Amino acid sequence: MVCFNRDLARDLGLDADMLDSEYGAAVFAGNEIPEGADPLAMVYSGHQFGMFNPQLGDGRALLLGEVVGRDGLGYGIQLKGSGRTVFSRNGDGRAPLGPVLREYLVSEAMHRLGVPTTRALAVVTTGDSVFRERALPGGIITRVARSFVRVGTFEFYARRGNIEAVSALADHVIRRNYPDLDGMERPYLALLEKVIGRQASLIAQWMQLGFIHGVMNTDNMSVAGETIDYGPCAFMDQFNFQQVFSSIDHQGRYAYCNQPYIALWNLTRLAECLALILDDDREKAVEQATEALEKFIPRYEVAWLQGMRAKCGLGETPGQAGEDHKKLIGDLLDLMANSRADYTLSFFHLSSLGSREGPEDEAFTGQFGTPGPAGEWLARWRDSLRGQSLDDRERRDRMRRVNPLYIPRTHLIEAAIRAAEDAGDFSEFHAFHAVLRNPHERQPGKERYQMPPAPEEVVLETFCGT
Ligand code: AMP
Ligand code: MG
C-alpha cells in the first residue's frame, strides 16, 4: 500500500482501520473481494478525437461495487490497473505506477480546489512489471465516483438502436444522480439539461484554474459532471490560450481554449442518444434536444464570468459595469498571454493587493515580462474596485479562497513520479500531496511547491499512461 485516504474512507462510511492493513492492500490490489461486493466491468463506446469507436469499456478498470456515503449519496468504487477484463481488447489491463500516482495527486488536488471530481481512495504497487516502452513498476489506483456512466455509455446502446437500454440507463442515472427529476413530465429532457448545466459549470472551473484535461473524448465525460480519467492532464504554468500538453493531441483538439466547445460537442453526442427517447415524434425530440444544447454556451459564459470576477475581487454588477468587467478580465488574460505570465501566481498575488498602489504591487507586476502594462491594468482594476461596497479585507479574503497558491504543477508531479518509479522513494509524493491538501494557505517552508518550473524542469509533453 502506497497510500490510503482515511478521510475519504470515513466519508464513504467504510471501516478505515480495517482497510488500512494487509487486508486493505489485498482489496485494493484486486486480490481479495470485500464482502458484499459484486465486481463488474462496464461497456461503453466513445468518440475518440472525433472518431467513433464502437466498443471501448473498462479495459483496465473494475467496479468493485457501490456504497452509500455518510452524506446519503451513492458512490461507485473502482480499481484501475487491476488486470484484463472482457473489454481489454489488446491491452494488458495494467497501469504503470507513474500515471496512478499522477491521478491520485491531481484528483485529490482538484477536490481540495473545489472542483467536482472522482476521488482517490488508495494506491498500491503490484510488484509486477508493466511493459510499455520499457519495463515499469505496476500500480493500481482505487477511485470513487458519483457515477462511472459516461456519455460513451449512452452511445454504446444508442448506436445499436437499443432504445430500451437507453431509457433503462437514463432511468438509472436519474435514480442514482438526479433523483429530483424522477416523476417529472419530461425526465429525459430534464436529465439532458442537468448534465449540460453541470458540465457548463465544471468546464468553467477548469478554465478558471488553468486546467487542461487533455483527452476529452466522449468516453471520458461523466454524466455526473465530475472530472474523470486523469491522463495527460496538466495545469498551465505560463498562460497560453492555445496550450496543449498531450503527446497524442497533434491538432490541438483539446487545447485549453477549446474545452468549452469540445464539451458542447460531446454533449451533442449525448443529446443524440437521448433524442431517441425524448419524444415519440422524432422532429420534436430533435427540437427539444437542440434547445437544451443551445443553453450550454450561455450557461458556461455566466459561470465563467462569475468565477473570473470572483478571482479578480469584482462584485456582481449588472448592465454596463458587467461589460466593463468582462473587458477588464479579457485584457488581463491577453496581457498574461503576451508576457507568458504564470497564471496561478498572477492571480495569487493579485489577491494580496490593496485598493491603493503600494510596494506589494511588484509581486504581481513582476509576473509580467515588462511591468508597465500590468501596472496600467492595476490602475484600471482599482478604478473598478472603487465603486464596490465590499470592505477591502473581506475582498482579499474572498479572492484568496478562489486563487490557490499551490496547484499540482507538472514538473513537481514528474519529480515525485521519478523518485517513486526509479528509486522506490515515495517521500516526495507524500510531501507534495500534503501541501496540496491546503492549496489556498501560504505554508511556511513550502515555497518550492509554489514555484513555476526552472527552464530545465519544464515538461513540454504529457502522456495518457495507458
Ligand atoms: P483512456 O485513454 O484511459 O480513456 O482509455 C481509453 C480506453 O482504452 C478505455 O476503454 C480503457 O479501458 C482502454 N485501456 C487503456 N489502457 C488499457 C490497458 N492497459 N489495457 C486495456 N485497456 C486499456
Ligand atoms: Mg477513459
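Just above, that's the structure.
Residues numbered from 1 in each chain as written. Chains lettered and ligands numbered in written order. Predicted model: local features only at pLDDT ≥ 70, side-chain atom pairs only at ≥ 80, totals over all residues. Heavy atoms only, no water.

Student: Which residues make up the coordination of the magnesium ion (ligand 2), and what are the values?
Tutor: Donor atoms from the polypeptide that bind the magnesium ion (ligand 2) are N220 (OD1) and D229 (OD), placed at 1.9 to 2.1 Å. The same class applies to N220 and to D229, which are both buried. (Donors = N, O, S within 2.8 Å, 3.2 Å for Na, K, Ca; no water. Buried < 20%, exposed > 50% of the residue type's maximum accessible area, 1.4 Å probe, protein only.)

Student: Residue-level account of the site of ligand 1, with values.
Tutor: In the neighbourhood of ligand 1, 18 residues make up the surrounding shell, with G57, G59, R60, R89 and G93 lying closest. In this structure, a nitrogen atom belonging to ligand 1 sits 3.2 Å away from a main-chain N or O atom of R94. In isolation ligand 1 has 490 Å² of accessible area, and contact with the protein removes 88% of it. Of the residues that constitute the shell around ligand 1, the class distribution is 2 nonpolar, 8 polar and 8 charged. (Near = heavy atom within 4 Å. Polar contact = N/O pair within 3.5 Å; in protein donor to acceptor, adjacent residues only side chain to side chain. Areas by Shrake-Rupley, 256 points an atom, 1.4 Å probe, with all protein chains shown as cover. Nonpolar A, V, L, I, M, F, W, Y, C, P; charged D, E, K, R; others polar.)

Student: I'd like to hear about helix α16 (residues 410-423), residue by residue, with values.
Tutor: A rise of 1.5 Å per residue sets the reference length of α16, with its 14 residues, at 20 Å; its end C-alpha atoms lie 19 Å apart and thus fit the reference within 8%. Of the positions making up α16, those classed as buried are T410, H411, L412, I413, A416, I417, A420 and E421. Those residues of α16 that are buried lie in contact with β6 (95-96), α4 (97-112), β8 (135-145), β10 (234-235) and α17 (427-436). In the stretch just after α16, G424 is the one whose phi turns positive, near 65°. (Helix = DSSP H or I, 4+ residues; strand = E, 2+ residues; numbered from the N terminus. Expected span 1.5 Å × (residues − 1). Contact = heavy atoms within 4.5 Å.)

Student: For the side chain of Q259, give the residues involved together with the corresponding values.
Tutor: Tracing the backbone shows Q259 in helix α8 (residues 259-278). Residue Q259 is classed as buried on the basis of its relative accessible area of 0%. A distance of 2.9 Å separates the side chain of Q259 from the backbone nitrogen of H213, its partner in a polar contact. Ignoring any residue separated from it by four or fewer positions in sequence, one finds Q259 in contact with I203, W206, M207, F211, I212, H213, G214, M216 and Y254.

Student: Outline the packing of helix α7 (residues 187-209) against helix α10 (residues 296-312), listing residues and values.
Tutor: Packing of α7 against α10 leaves a shortest axis separation of 8 Å and a crossing angle of 35°. With respect to the hand of their crossing, α7 and α10 are arranged in right-handed fashion. Here E193, I196, G197, Q199, A200, S201, I203, A204, M207 and Q208 of α7 lie close against α10, whose contacting residues are F296, R299, Y300, A303, W304, G307, M308 and K311. Classifying every residue of the contact of α7 with α10 gives 10 nonpolar, 5 polar and 3 charged. (Axes fitted to C-alpha atoms, helices over the stretch in contact; angles between N-to-C directions. Left-handed = near helix turned anticlockwise from the far one by under 90°.)

Student: Before we move on, could you go through the environment of A135 and cite the residues and values that matter?
Tutor: Along the chain, A135 falls in strand β8. Note: C-alpha distance between A135 and D7 (128 residues apart in sequence) is 34 Å. Apart from residues no more than four positions distant in its own chain, A135 is found in contact with S129 and V130.

Student: Summarise the side chain of D279; cite the residues concerned and give the values.
Tutor: On the secondary structure map, D279 appears in the loop between α8 and α9 (282-294). At a separation of 3.0 Å, a polar atom in the side chain of D279 contacts the main-chain amide nitrogen of D281. Separated by 3.1 Å, the side chains of D279 and Q288 make a polar contact. Those residues in contact with D279, other than ones at most four positions away along the chain, are R186, K284, A285 and Q288.

Student: Kindly report on the pattern of salt bridges, identifying the contributing residues and their values.
Tutor: Going through the model one piece at a time under the given rule, you end up with 29 salt bridges. Put simply, K80 and E103 hold a salt bridge, and the shortest N to O gap is 2.9 Å. Here the residue K80 occupies a position in strand β5 (residues 74-80), and E103 occupies one in helix α4, the gap between them amounting to 23 residues. Like K80, the residue E103 is buried in the burial classification. Measuring nitrogen to oxygen at the nearest pair gives 3.8 Å for the salt bridge that ties D397 to R400. Placement of the pair is D397 and R400 together in helix α15 (residues 392-402), with a separation of 3 residues, close to one helical turn. Taking relative accessible area as the criterion, D397 reaches 31% and is therefore assigned partly exposed. (Salt bridge = Lys/Arg side-chain N within 4 Å of Asp/Glu carboxyl O.)

Student: Provide a residue-level description of the pairing of β8, including the pertinent values.
Tutor: The two faces of a sheet get side chains in turn, since along a regular strand they alternate between them. By the criterion of burial, β8 is predominantly enclosed, with 9 of the 11 residues buried. The pairing of β5 with β8 spans 5 bridges and is antiparallel. Its bridge partner lying in β8, L79 is registered against T142. Examined bridge by bridge, β6 and β8 share 2 bridges and lie antiparallel to one another. Pairing of A95 across the sheet is with G139, part of β8. In terms of strand pairing, strand β7 (residues 119-131) meets β8 through 9 bridges, oriented antiparallel. What sits directly across from T125, in β8, is G139. Linking β7 back to β8 in an antiparallel pair, the connection comprises 3 residues. (Pairing = 2+ DSSP bridges.)

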